[in-house]
Amino acid sequence: ISKTATYPIVAGDFTGKSSLIVFVDVSAGTSTAADITLPAAADFGTCAIHVVSTAAHGSGNSIAIKLGAVEQYTLYKKGDHCEFVSDGTNVFRTGNEHATIRGSVALTADWGVAGNSHHDIFNAVDAANYSVEEDIGSGWSITNDDWTVPYTGRYWFGGHFPASGYINGFLIYKDGTPLTQSRENEIQYGGATQSNLYINLTVGEVITWWVATTDSTTATLAGDAAKDELQVMWWMVRRD
């Protein structure tokens, strides 16, 4: 079946079938969630239900798959999908699924990092000096200058760290505790690094990106519109 808006799946859609595919097109409009509601677990024990996003989404549009009023999985981009089965009592995701949760934030101007200092980069430069290039999943806060995990799952972090001076980063913190660190006595001039990290995270945890300097002179993080600027990136690998 094909839908373009909120729709509750009914018995006539799946009775007598072993598989039901719900194609959903939310290309029209903006900032709207189309809710596709699954039947009760007791009702579709012999039919697998697969919900698929089939078209480029209108800006800010999403497809929320729900069981009753509770969100089970959300689709943000064309090609996102999720399959559900029931044992007659419980509803399960089969693992045949994909959701696009990703983003990146970049400096828009060079920033001088004072010597012998340690900073939360985006909090220090403020929102006026960085650009949210992409934020699918709406985790970034321009008020707090950090990223909050939207769904429990496994995530990848990476980025681009152009800098000069005795400086090191990205140092990635979770809820104020470092996930990655550097040895200050090993930071050398031009020795900037970046952290590529796969990690399991829980919804609501807060990620920040830090920088450290170990010399008395000012170091520089690069930022401009030519895309050779400092940029952090994240991607959800799998939702739990």
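From a predicted model like this one, the values you see are computed outputs, not experimental measurements.

Engineer: Can you break down the overall build of the protein residue by residue, with the values?
Structural biologist: Helix and strand counts for the protein stand at two helices and 23 strands. Seen through its C-alpha atoms, the protein measures out along the principal axes to roughly 75 × 35 × 25 Å. Expressed as a percentage of the 240 residues in the protein, the buried residues total 45%. Counting every atom, the protein has about 11,100 Å² of accessible surface; 48% of that belongs to carbon and sulfur. Distance between charge centroids for the protein: 10 Å, based on 13 positive and 26 negative side chains.

Engineer: Please provide a residue-by-residue account of the sheet that holds strand β11 (residues 111-113), values included.
Structural biologist: The strands making up a sheet associate through hydrogen bonds between their backbones, and the pairing can be parallel or antiparallel. If you trace the three strands from one edge of the open sheet to the other, you get β11-β22-β17, paired in antiparallel fashion. Each end of this open sheet is capped by a strand with a single partner; those strands are β11 and β17 (163-164). Relative to strand β22 (residues 219-221), β11 runs antiparallel, the two sharing three bridges. If you follow glycine 112 over to β22, its bridge partner there is threonine 220.

Engineer: Give a detailed account of the layout of surface pockets, specifying residues and quantitative values.
Structural biologist: In this structure, the largest pocket encloses a volume near 210 Å³. In terms of lining residues, the largest pocket is bounded by Ala56, His57, Gly58, Ser59, Gly60, Asn61, Tyr76, Lys77, Asp135, Ile136, Gly137 and Ser138. Its residues placed into classes, the lining of the largest pocket shows three nonpolar, seven polar and two charged.

Engineer: Could you give me a rundown of the sheet that holds strand β7 (residues 70-75), with the residues and numbers involved?
Structural biologist: The mixed open sheet is built from four strands, whose spatial order is β2-β4-β6-β7. Taken across any chain shown, the strands that pair with only one partner, and hence form the sheet edges, are β2 (7-8) and β7. Here strand β4 (residues 33-38) pairs with strand β6 (residues 62-67) via six bridges, running parallel. Following the sheet pairing, isoleucine 36 is matched in β6 by isoleucine 65.

Engineer: Could you give me a rundown of the packing of aromatic side chains, with the residues and numbers involved?
Structural biologist: Summed over all chains, the structure comprises 14 aromatic pairs. When the ring of phenylalanine 122 is compared with that of tryptophan 140, the centres are 5.6 Å apart and the planes differ by 90°; the resulting orientation is edge-to-face. Taken as a pair, phenylalanine 122 in helix α2 (residues 121-125) and tryptophan 140 in strand β14 (residues 140-141) lie far apart in primary sequence, 18 residues in all. Seen from the ring of tyrosine 7, lysine 3 lies directly overhead, with NZ or CZ sitting 3.9 Å from the centre.

Engineer: Which residues make up the side chain of threonine 180, and what values do they have?
Structural biologist: Position of threonine 180 relative to the elements: it lies in the loop between β19 (177-178) and β20 (197-201). Aside from chain neighbours lying at most four places away, what touches threonine 180 is Phe170, Leu171, Ile172, Ser195 and Leu197.

Engineer: Go over the state of the cysteines, please, and point to the residues and values.
Structural biologist: In total, this model carries zero disulfides according to the counting rule given. For cysteine 82, which is in no disulfide, the shortest distance to another cysteine sulfur is to cysteine 47 and amounts to 14 Å. Overall, cysteine 82 belongs to the buried group, its relative accessible area being 0%.

Engineer: Can you lay out the environment of aspartate 240 for me, pointing to particular residues and giving the numbers?
Structural biologist: Tracing the backbone through its elements, the reader meets aspartate 240 in the segment after β23 (231-239). Once the C-alpha coordinates of aspartate 240 and alanine 11 are considered, the two residues, 229 residues apart in sequence, prove to be 28 Å apart.

Engineer: Which residues make up the pattern of salt bridges, and what values do they have?
Structural biologist: What the rule picks out here adds up to six salt bridges. Among the ionic pairs, aspartate 35 bridges to lysine 66, the shortest N-O distance being 3.2 Å. Of this pair, aspartate 35 sits in strand β4 while lysine 66 sits in strand β6; the two residues are 31 residues apart in sequence, bridging distant segments of the chain.

Engineer: Now, about the side chain of threonine 208: what can you tell me, with residues and values included?
Structural biologist: Looking at where threonine 208 falls in the secondary structure, it is placed in strand β21 (residues 206-213). Under the relative-accessibility criterion, threonine 208 is labelled buried at 10%. At a separation of 2.9 Å, a polar atom in the side chain of threonine 208 contacts the side chain of tryptophan 210.

Parameters at a glance
Residues numbered from 1 in each chain as written. Predicted model: local features only at pLDDT ≥ 70, side-chain atom pairs only at ≥ 80, totals over all residues. Heavy atoms only, no water. Helix = DSSP H or I, 4+ residues; strand = E, 2+ residues; numbered from the N terminus. Buried < 20%, exposed > 50% of the residue type's maximum accessible area, 1.4 Å probe, protein only. Areas by Shrake-Rupley, 256 points an atom, 1.4 Å probe, with all protein chains shown as cover. Lys, Arg positive; Asp, Glu negative; His and termini not counted. Charge placed at Lys NZ, Arg CZ, Asp CG, Glu CD. Pairing = 2+ DSSP bridges. 1 Å grid on protein atoms, 1.4 Å probe; cavity = no way out; pocket = protein on both sides within 12 Å on 5 of 7 lines; lining within 4 Å. Points joined across faces, edges and corners; volume = space filled by probe spheres on them. Nonpolar A, V, L, I, M, F, W, Y, C, P; charged D, E, K, R; others polar. Phe/Tyr/Trp six-rings, centres within 6.5 Å; stacked < 30°, edge-to-face > 60°. Lys NZ or Arg CZ within 6 Å of the ring centre and 35° of its normal. Contact = heavy atoms within 4.5 Å. Disulfide = S-S within 2.5 Å. Salt bridge = Lys/Arg side-chain N within 4 Å of Asp/Glu carboxyl O. Polar contact = N/O pair within 3.5 Å; in protein donor to acceptor, adjacent residues only side chain to side chain.

These results come straight from atomic positions and should not be treated as a statement about function.
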